[in-house]
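Close look at the chain arrangement
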Amino acid sequence: MSNEASEIIFRPGLEGVPVTHSSICDIDGLKGKLSYRGYSIEELAAHSTFLETAYLLIWGELPTEEQLNDFQAEVQMHRRVSFRVRDMLKCFPATGHPMDALQSSAASLGLFYSRRAIDNPEYVYDAVIRLIAKIPTMVAAFQLIRKGQDPIQPRDDLAYSANFLYMLTEREPDPIAARIFDRCLILHAEHSLNASTFSARVTASTLTDPYAVVASAVGTLAGPLHGGANEDVLAMLEEIAAPDKASLYLEQAIAKKQKIMGFGHREYRVKDPRATILQGLAEELFARFGKDQMYDVAIALEREASSCLASKGIYPNVDFYSGLVYRKLGIPRDLFTPVFAISRVAGWLAHWREQLGANRIFRPSQIYTGKKIRSWRPIEERNIEMGA
Ligand code: COA
């Protein structure tokens with residue numbers, strides 16, 4: 001696009017620019033409302049399970065009992081990953097970030113199931129099952145491998161979330177802890193056109209295979225402005241260290257124009273409804289298993305922020321309390337974002353299917369700001385001032 005196209009309005013970050021029609025998720029950022037396929041997040045988090053919610057997101061309706069049983073059974077059957085995938089994970093450096101291991105292993109699934117028959121409903125169903133089933137196994141496997149241990153196999157008598165916590169910690173989890181974790185997965189399963197979902201849709205629009213779609217979304221989710229923020233929230237709370245230091249920290253951070261991690265959201269001008277639910281889950285966990293001192297710091301920070309950030313529409317987002325919940329569940333800090341991916345794969349797959357239903361390859365334009373056409377110069381005639 002040339003400079004003459006000055007009537008084009010450029011919106012950095014595509015803020016407010018619709019790029020698709022979608023019937024998956026609705027956000028009312030002024031009222032703090034979020035729904036999946038018309039069901040409020042509060043109702044789903046209270047009554048549904050992650051697998052039922054994933055089914056709802058991907059296929060559009062809540063499953064019947066028979067459909068849910070089949071879906072759960074299929075996911076359970078495909079939890080194991082090939083020894084080749086495990087061997088590949090063993091070759092990765094133990095010091096590498098688990099999101100990089102997940103991105104690579106998700107992409108590698110395309111080598112095993114690569115037919116790209118994306119117009120075949122059976123292939124689509126199988127790909128959905130495999131991705132939902134195998135991602136938790138790969139996350140848990142890398143965790144054990146990097147500690148120098150062999151990954152443990154999924155346990156068929158454990159439901160989806162309980163099995164993941166078992167594969168990760170090698171202990172059968174308390175049923176209440178497993179249910180709280182399952183509710184966290186529901187809360188993170190979908191959130192319309194965030195960066196990773198947009199990335200998934202762009203990749204999907206090329207008609208590549210779903211493993212490439214998910215791998216591209218995982219790579220996008222890894223950044224600290226997106227899925228990586230809850231790791232930074234815990235680091236920030238630890239730096240603040242005590243509730244009475246929250247005010248000074250906030251003052252200094254704002255003066256230095258530093259972002260407060262876990263605050264602010266492109267869509268919400270009020271507190272993220274998921275943050276409210278997560279705060280309740282944190283309290284439930286602390287009541288049963290003992291408090292995390294950092295929770296008091298978080299409460300103090302939220303209280304102090306209400307006087308200086310709330311006026312700008314900046315409130316706690318989903319990442320503010322999730323790290324505290326995950327830490328209490330025994331999940332290592334650098335697995336917080338992979339856990340987000342375990343959940344968000346449901347949303348990515350829903351968008352993958354929706355994109356294929358009315359596909360047009362994404363190819364936005366740009367406003368060119370580079371040099372006008374000029375002549376090539378032989379190397380002996382170039383100098384630094386010319387910027388050659
Ligand atoms: N702390 C302090 N100020 C913040 C802020 C935060 N967490 N988030 C936004 N702001 C301020 C910006 O400094 C800017 O102020 P200005 O207009 O005076 O310059 C204004 O709010 C708009 O910020 P901007 O970064 O343009 O908003 P955005 O919609 O592009 O960004 C986020 C949204 C999520 C990327 C941003 O809020 C952020 O970086 N938050 C921290 C990281 C985080 O928690 N991410 C998880 C998101 S679920």
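This report concerns the structure included in the present document.

1. Quick word on the overall build of the protein
Scanning the protein for helices and strands turns up 16 helices and 3 strands. The C-alpha atoms of the protein give a radius of gyration of 23 Å, which matches the 21 Å a tight globule of 388 residues would have. In terms of overall dimensions, the protein has C-alpha extents of about 70 × 55 × 45 Å along its principal axes. Put simply, the protein has 388 residues, and 49% of those count as buried. Sequence separation of at least 24 residues holds for 76% of the intrachain contacts in the protein that already meet a minimum separation of 6. Taking the average location of the 44 positive side-chain charges in the protein and that of its 47 negative ones, the two points are 5 Å from each other.

2. Considerations on the site of the ligand
Around the ligand sit 16 residues, and of these Lys259, Ile260, Gly262, Phe263 and Arg266 come closest. Here Lys259 contributes a side-chain N or O atom positioned 2.8 Å from an oxygen atom of the ligand. A distance of 3.1 Å separates an oxygen atom of the ligand from a polar side-chain atom of Lys312. For the ligand, whose accessible area on its own is 860 Å², the fraction buried by protein is 66%. A per-class count over the shell around the ligand returns 7 nonpolar, 5 polar and 4 charged.

3. A few points about the layout of surface pockets
Size it by volume and the largest pocket reaches roughly 1,700 Å³. Contributing to the lining of the largest pocket are 47 residues, with Leu225, Gly264, His265, Arg266 and Glu267 lying nearest its centre. Breaking the lining of the largest pocket down by element, the ones donating at least two residues are β1 (25–28), α9 (195–204), α12 (246–255) and α16 (336–357). For the lining of the largest pocket, a count of residues per class yields 22 nonpolar, 14 polar and 11 charged. Taken domain by domain, the lining of the largest pocket gets at least three of its residues from each of domain 1 (32–226 + 340–357) and domain 2 (229–328).

4. Section: empty space enclosed by the protein
Per the counting criterion, the structure on display carries 1 cavity of 30 Å³ or more. The calculated volume of the largest cavity comes to roughly 50 Å³. Lining the largest cavity, in full, are Leu89, Pro98, Ala101, Leu102, Ser105, Met138, Val139, Phe142 and Pro338. For the lining of the largest cavity, the secondary structure elements donating two or more residues are α5 (98–112) and α6 (121–146). Residue contributions to the lining of the largest cavity peak at 4 residues, all from α5. Broken down by class, the residue content of the lining of the largest cavity amounts to 8 nonpolar, 1 polar and no charged.

5. Focus: the packing of aromatic side chains
Taken as a whole, this structure holds 14 aromatic pairs when the rule is applied. Relative to Tyr211, the ring of Tyr113 lies with its centre 5.9 Å away and its plane at 40°, an arrangement referred to as tilted. Of the two residues, Tyr113 sits in the loop between α5 and α6 while Tyr211 sits in helix α10 (residues 210–221), which places them 98 residues apart along the sequence. Owing to a relative accessible area of 23%, Tyr113 belongs among the partly exposed residues under this scheme. With relative accessibility at 0%, the residue Tyr211 sits in the buried group. Summarising the aromatic geometry, the rings of Phe198 and Phe362 are spaced 5.5 Å apart at their centres and angled 85° between planes, so their arrangement reads as edge-to-face. A residue pair is termed long-range when its members are at least 10 positions apart, and Phe198 in helix α9 and Phe362 in the segment after α16 qualify at 164 residues.

What counts as what
- Residues numbered from 1 in each chain as written.
- Predicted model: local features only at pLDDT ≥ 70, side-chain atom pairs only at ≥ 80, totals over all residues.
- Heavy atoms only, no water.
- Helix = DSSP H or I, 4+ residues; strand = E, 2+ residues; numbered from the N terminus.
- Rg over C-alpha atoms; globule rule 2.2 N^0.38 Å.
- Buried < 20%, exposed > 50% of the residue type's maximum accessible area, 1.4 Å probe, protein only.
- Contact = heavy atoms within 4.5 Å.
- Lys, Arg positive; Asp, Glu negative; His and termini not counted.
- Charge placed at Lys NZ, Arg CZ, Asp CG, Glu CD.
- Near = heavy atom within 4 Å.
- Polar contact = N/O pair within 3.5 Å; in protein donor to acceptor, adjacent residues only side chain to side chain.
- Areas by Shrake-Rupley, 256 points an atom, 1.4 Å probe, with all protein chains shown as cover.
- Nonpolar A, V, L, I, M, F, W, Y, C, P; charged D, E, K, R; others polar.
- 1 Å grid on protein atoms, 1.4 Å probe; cavity = no way out; pocket = protein on both sides within 12 Å on 5 of 7 lines; lining within 4 Å.
- Points joined across faces, edges and corners; volume = space filled by probe spheres on them.
- Domains from an automatic or database assignment.
- Phe/Tyr/Trp six-rings, centres within 6.5 Å; stacked < 30°, edge-to-face > 60°.

Nothing here speaks to function; it is geometry throughout.
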